[in-house]
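Each chain, letter by letter, is given below.
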Amino acid sequence: MTDSTLTTTKPIYLIAPTPTGLTLAEQLLPAIDGAALWSGATSELAVAWHAGKQLVFFLTVGATVRLIAPLLDHKASDPGVVVVDEGGTFAISLSGGHRGGADVLTEQIAALLGATAVITSASRHKRLPSVDLLGKPYGWVPGADSEWNRVAAVVVRGLPVQVVQTSGQTLWRSALPAEHPFVFGETDAEARLWISERLPSTGVPTVCWHPRVLWLGVGCERGTPAQVLEQAVRSVLTNNGLAIEAVAGIATVTLKHDEAGLLALAQKFDWPLRFFEPVTLAGQPVPHPSTTVEHCIGTPSVAEAAAMLAGDTSSLLAAKQIFRVQGAGACTVAVAVAEVEYNSNPGALVLVGTGPGALDQITPAARAAIARADVVIGYALYIDLLRPLLSGTQVVEASPITQEVARAERAIALSYRGLQVVVVSSGDSGIYGMAGLVLERLAARGWDGDCPALTVLPGITALQAAAARVGAPLMHDFCAISLSDLLTPWPLIERRLAAAAQADFVVALYNPRSLRRTAQIEQARCILLTHRDAATPVALVRSAYRPDECVTLSTLAEFASEQVDMLTTVLIGNSSTFRHGPLLITPRGYPTAIQDVEDIPDGVANQ
Ligand code: SAH
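Note that the coordinates shown come from a computational prediction; the quantities given were computed from them, not determined experimentally. (Residues numbered from 1 in each chain as written. Predicted model: local features only at pLDDT ≥ 70, side-chain atom pairs only at ≥ 80, totals over all residues. Heavy atoms only, no water.)

1. Description of the overall build of the chain
Helices and strands together make up the secondary structure of the chain, namely 20 helices and 29 strands. Reported as C-alpha extents along the three principal axes, the dimensions of the chain are approximately 95 × 60 × 55 Å. Here the chain, with 607 residues, has 50% of them falling under the buried criterion. By sequence separation, contacts in the chain at least 24 residues apart represent 68% of the contacts at least 6 residues apart. With the model as given, the accessible surface of the chain reaches about 27,900 Å², and the carbon-plus-sulfur share is 55%. (Helix = DSSP H or I, 4+ residues; strand = E, 2+ residues; numbered from the N terminus. Buried < 20%, exposed > 50% of the residue type's maximum accessible area, 1.4 Å probe, protein only. Contact = heavy atoms within 4.5 Å. Areas by Shrake-Rupley, 256 points an atom, 1.4 Å probe, with all protein chains shown as cover.)

As structure tokens, this is what we get:
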């Protein structure tokens, strides 16, 4: 995909003027969502600068600085700029680290290339949230008069910052490190973080984030122009001390689906419009019903009822006010506050397999997804293994092993709220991992296939990790069987064991034995012995690629089942698997099959 024209999708432009840089850029292209190669000349860079959300230069830092210097304007509007050296050794966040998103993109690119991320933002090294990024995941809108630099300087110096939060998610607080400068409640602070639908009072230097919780219920006479509607809305908001940035959207009656003024107003502010049928509005009790309106359109209220329905609340922050401009129409406006903010971010659910445990067994794609995540959810043990990859400002929810359903529901709920959610499983997420459960729940919720965006990223599963530790035991057809009968009836597991034994599959046993479930591994041994030699090689691989890894080689008749636990994968050879020193080797073919010429090219092709 190349693009040198203005686009509405605001892509990430990869700019590679040299052949070496271009090769690198082309390799990265498919792995970065929204990335396009910039095909224009560097002299046309101004177009990319204004069209792109982020620019990635495959050049020297010096050349990049010279190219962008004339274009730099303000950090609130400049795109994020990342530089990757032509050798792919470093990814450098050059400018727009926070609001331009360059820091996060740098982490993502470094993860994909196995490069070192160079990030110099002060708050990042203190593992503190950047005040100018804080509300972004939740779709909050930054307040116009915020003093970003002054407040950021206070945060970095560790001086007290008062937090006033009256609406929006409080999730960001759970990501704060033990030592942080934020004070919740009254205090003599050097600066203030104001998170509210209200406008701040004057005083200490303040940064504002406005969660989009205000639903404007609007009714109007046919033909009322957008300017009149805007004036009315602004006046209701100002009279109530409310910020226009906190508006979630407009709610009205279905009859207004083609009301030009309303449509224009919604478009101007990028507000969603929600329409309710008269009968639905009529069912909503309101403080100021009107019999005239009821007579005309079949509901006693439009503005108040629509605001309350859209805000999913039974009260109003501002009761309806009527505005009439002689000869230019009339409207009513009411305001309700929703408990949950409207988030225009699309939300994403990424199901990530993180491999057996060691950091170097995680795929670059998984690392990049973790680097981009707003929230990382997983079983506490796996989250601990991943700690070095977490930014410290991401929300991390680690839960005990038994809480898979709660974890799946939580991940889905947060992704529907517009957050980038990564759910981690050890090994592969789709092999006895979280993927099945999350997707089942997502389907049950009627997922539309689109929003939240869904990605499943593969990981190295336990049987591959265990096999690699003992050589090449899976060289021929193999199968995985879980011995856990918590979700599968035991007779079915027995049938599978017998079938696998009979068909001479190499067998990998997952979940082989827990403190409580001790009998199954013995029963599995008995079933396998009815079809397989007592001397069949067996490997017990415990905690593969983790610090406490332990590998034991034995035979089907003799392996000690007490050595097997829930951290172990048991590999059982087929009839031709043999042991050589520390290795288990399953030949690629059976002796008789070698005669079959058809098989040889196939075997070669598949190596
Ligand atoms: N999704 C995981 C499997 C989870 S089921 C994957 O694809 O690997 C849990 C079982 O996996 C454990 O009981 C054990 O049998 C196996 N297992 C997971 N990690 C392991 C490791 N590092 N070493 C050995 N076995 C492991």
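2. Concerning the site of the ligand
The ligand sits among 19 residues. The nearest are Ile431, Thr461, Met566, Thr568 and Thr569. A distance of 2.6 Å separates a nitrogen atom of the ligand from a polar backbone atom of Ile431. Here the ligand has 530 Å² of accessible area as a free molecule, and 94% of this is covered by the chains. Split by residue class, the shell around the ligand holds ten nonpolar, seven polar and two charged. (Near = heavy atom within 4 Å. Polar contact = N/O pair within 3.5 Å; in protein donor to acceptor, adjacent residues only side chain to side chain. Nonpolar A, V, L, I, M, F, W, Y, C, P; charged D, E, K, R; others polar.)

3. Quick notes on the side chain of Gln394
Along the polypeptide, Gln394 turns up in the loop between α14 (380-386) and β19 (395-399). Its relative accessible area of 8% is what places Gln394 among the buried residues. A polar atom in the side chain of Gln394 sits 3.0 Å from the backbone oxygen of Ala373.

4. Overview of the sheet that holds strand β27 (residues 568-572)
One open sheet accounts for five strands, arranged β23-β24-β27-β25-β26; its pairing is mixed. In this open sheet, the two edge strands, each paired with only one partner strand, are β23 (478-482) and β26 (550-555). Neighbour-to-neighbour, the strand axes of the sheet open up by a mean angle of 20 degrees, direction not taken into account. Where β23 and strand β24 (residues 506-510) come together, five bridges link them in parallel fashion. Within β24, the position partnered with Ser482 by the bridge is Tyr510. Most of the contacts of helix α17 (residues 462-469) go to β27, to which it runs at about 65 degrees, and overall it touches β23, β24, β25 (537-542), β26 and β27. Sheet contacts for helix α18 (residues 490-502): β23 and β24; angle to β23, the most-contacted strand, approximately 160 degrees. (Pairing = 2+ DSSP bridges. Axes fitted to C-alpha atoms, helices over the stretch in contact; angles between N-to-C directions.)

5. Looking at the environment of Val84
In this fold, Val84 is placed in strand β4 (residues 80-84). The class for Val84 is buried, based on a relative accessible area of 0%. Taking C-alpha positions, Val84 is 10.0 Å from Leu94, a pair spaced ten residues apart along the chain.

6. What to know about the state of the cysteines
By the definition in use, this model includes zero disulfides. Free cysteine: Cys331, not disulfide-bonded; nearest cysteine sulfur from Cys220 at 6.8 Å. A relative accessible area of 3% means that Cys331 is categorised as buried. Free cysteine: Cys526, not disulfide-bonded; nearest cysteine sulfur from Cys479 at 18 Å. (Disulfide = S-S within 2.5 Å.)

7. Regarding the sheet that holds strand β11 (residues 206-210)
Overall, mixed pairing links the five strands, which are arranged β7-β11-β10-β8-β9 in an open sheet. The sheet terminates laterally at β7 (141-142) and β9 (182-184), the two strands that pair on one side only. Pairing geometry for strand β8 (residues 161-165) and β9, over three bridges, is parallel. When the bridges of β9 are listed, Val163 appears paired with Phe184. Each of β7, β8, β9, β10 (191-195) and β11 is contacted by helix α6 (residues 148-157), which is oriented at about 105 degrees to β11, the strand it contacts most.

8. Description of unusual backbone geometry
In this structure, Pro452 follows Cys451 across a cis peptide bond, with omega equal to 0 degrees. Secondary-structure assignment places Pro452 in the loop between α16 (434-444) and β21 (453-457). Non-glycine residue Tyr432 carries a positive phi angle of around 45 degrees. Position of Tyr432 relative to the elements: it lies in the loop between β20 (420-425) and α16. Even without glycine at this site, Ser543 takes up a positive phi of about 50 degrees. Take Ser543: it is sitting in the loop between β25 and β26.

9. Examining the side chain of Ser425
Its place among the elements puts Ser425 in strand β20. Within polar-contact distance, the side chain of Ser425 engages the backbone nitrogen of Met434 at 2.9 Å. Leaving out residues up to four positions away in the same chain, Ser425 has contacts with Val352, Gly353, Thr354, Tyr382, Gly433 and Met434.

10. Here's the deal with helix α19 (residues 520-529)
For α19, the full list of buried residues reads Gln520, Ile521, Ala524, Arg525, Ile527 and Leu528. Around the axis of α19, the buried residues are gathered within 165 degrees of arc, so they sit on the same side. Looking at the buried positions of α19, the neighbouring elements they touch are α18, β24 and β27. (Arc of directions from axis to C-beta.)

11. Considerations on empty space enclosed by the protein
A complete count under the given rule lists two cavities of 30 Å³ or more for this structure. Of the pockets and cavities examined, the largest cavity occupies roughly 60 Å³. The residue makeup of the lining of the largest cavity, split by class, is six nonpolar, four polar and no charged. A volume near 40 Å³ is recorded for the second largest cavity. Taken together, Tyr138, Gln169, Val340, Glu341, Asn343, Arg417 and Leu419 form the lining of the second largest cavity. Counted by class, the lining of the second largest cavity contains three nonpolar, two polar and two charged residues. (1 Å grid on protein atoms, 1.4 Å probe; cavity = no way out; pocket = protein on both sides within 12 Å on 5 of 7 lines; lining within 4 Å. Points joined across faces, edges and corners; volume = space filled by probe spheres on them.)

12. Brief notes about the confidence of the model for the chain
The share of residues in the chain with pLDDT of 70 or more is 95%, and the mean pLDDT across the chain is 91. Contacts from residues 1-9, a stretch scored under 50 in pLDDT, to residues over four places away or in other chains number 19 contacts. Long-range and interchain partners of residues 599-607, a stretch whose pLDDT sits below 50, account for four contacts in this model, where long-range means more than four residues apart. (pLDDT = per-residue confidence, 0-100.)

13. Points about the packing of aromatic side chains
With the rule as written, the count across this model stands at nine aromatic pairs. With a centroid separation of 4.5 Å and an interplanar angle of 15 degrees, the aromatic rings of Phe269 and Trp271 are classed as stacked. On the basis of relative accessible area, Trp271 is assigned to the buried category, the value being 7%. Linked through ring pairs, Trp172, Phe182 and Phe184 together constitute an aromatic cluster. The side chain of Arg274 reaches across the aromatic face of Trp215, ending 5.8 Å from its centre. Of note, Arg469 hangs over the ring of Tyr545, and the distance from its end group to the ring centre comes to 3.8 Å. (Phe/Tyr/Trp six-rings, centres within 6.5 Å; stacked < 30°, edge-to-face > 60°. Lys NZ or Arg CZ within 6 Å of the ring centre and 35° of its normal.)

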